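# Results of the structural survey
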Amino acid sequence: MELGSLQPDTLYLSARVDDTHNYRVYGRLGSVAQTTFGVYTGKDDQGHAVKALSEDLLVDDDGSFEISLAEKR
């Protein structure tokens, strides 16, 4: 499924996650114009999305960040 239009100067990465596990996404923001993280659930028109832009993250002075994905309890 294509979401929006693909841009030739954008790097798209994806991974499947399982809701029975917890995940930790971490790294260091560089000098790119935009960094976006999205989690998509469901299928087609039944799905939901949660997105976080780099400006929504708590970022340390060195550019490092961490996002935790955990089972909703």
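Attention in this report is confined to the structure presented alongside it. Model, not experiment: these values are computed from the prediction. (Residues numbered from 1 in each chain as written. Predicted model: local features only at pLDDT ≥ 70, side-chain atom pairs only at ≥ 80, totals over all residues. Heavy atoms only, no water.)

## Points about the overall build of the chain
To be explicit about the condition: The way it works is that DSSP assigns letters per residue, a run of H or I at least four long becomes a helix, a run of E at least two long becomes a strand, and they are numbered from the N terminus. Buried means the residue's accessible area, taken with a 1.4 Å probe over protein chains only, is under 20% of the maximum for its type, while exposed means over 50%, and partly exposed covers the values in between. Residues count as neighbours in contact if any of their non-hydrogen atoms are within 4.5 Å of one another.
Broken down by element type, the chain carries zero helices and four strands. Reading the helices (α) and strands (β) of the chain from amino to carboxyl end gives β-β-β-β. Going through the 73 residues of the chain one by one, you find that 10% of them count as buried. Expressed as a percentage of contacts within the chain between residues at least 6 apart in sequence, the contacts between residues at least 24 apart total 51%.

## Here's the deal with the pattern of salt bridges
Which entries qualify depends on this criterion: Here, a salt bridge means any side-chain nitrogen of Lys or Arg that lies within 4 Å of a carboxyl oxygen of Asp or Glu.
All chains considered together, the criterion is met by two salt bridges. Of the charged contacts in the structure, one is a salt bridge between Glu66 and Arg24, with a shortest N-O distance of 3.2 Å. With Glu66 in strand β4 (residues 64–69) and Arg24 in strand β1 (residues 23–28), the pair connects residues that are 42 residues apart, well separated along the chain. A salt bridge links Arg28 to Asp62; its shortest N-O distance comes to 3.3 Å. Here Asp62 lies in the loop between β3 (48–53) and β4 and Arg28 lies in strand β1, a separation of 34 residues in the sequence. For Asp62, a relative accessible area of 42% gives the class partly exposed.

## So, the side chain of Ser64
Just so we agree on the cut-off: We call two N or O atoms a polar contact when they sit within 3.5 Å, provided that within protein one can donate a hydrogen and the other can accept it, with sequence-adjacent residues counted only if both atoms are side-chain atoms.
Assignment of secondary structure puts Ser64 in strand β4. Taking relative accessible area as the criterion, Ser64 reaches 16% and is therefore assigned buried. Side chain to side chain, Ser64 and Asp62 meet in a polar contact 2.7 Å long. Not counting residues up to four positions away in its chain, the partners in contact with Ser64 are Gly27, Arg28, Leu58 and Val59.

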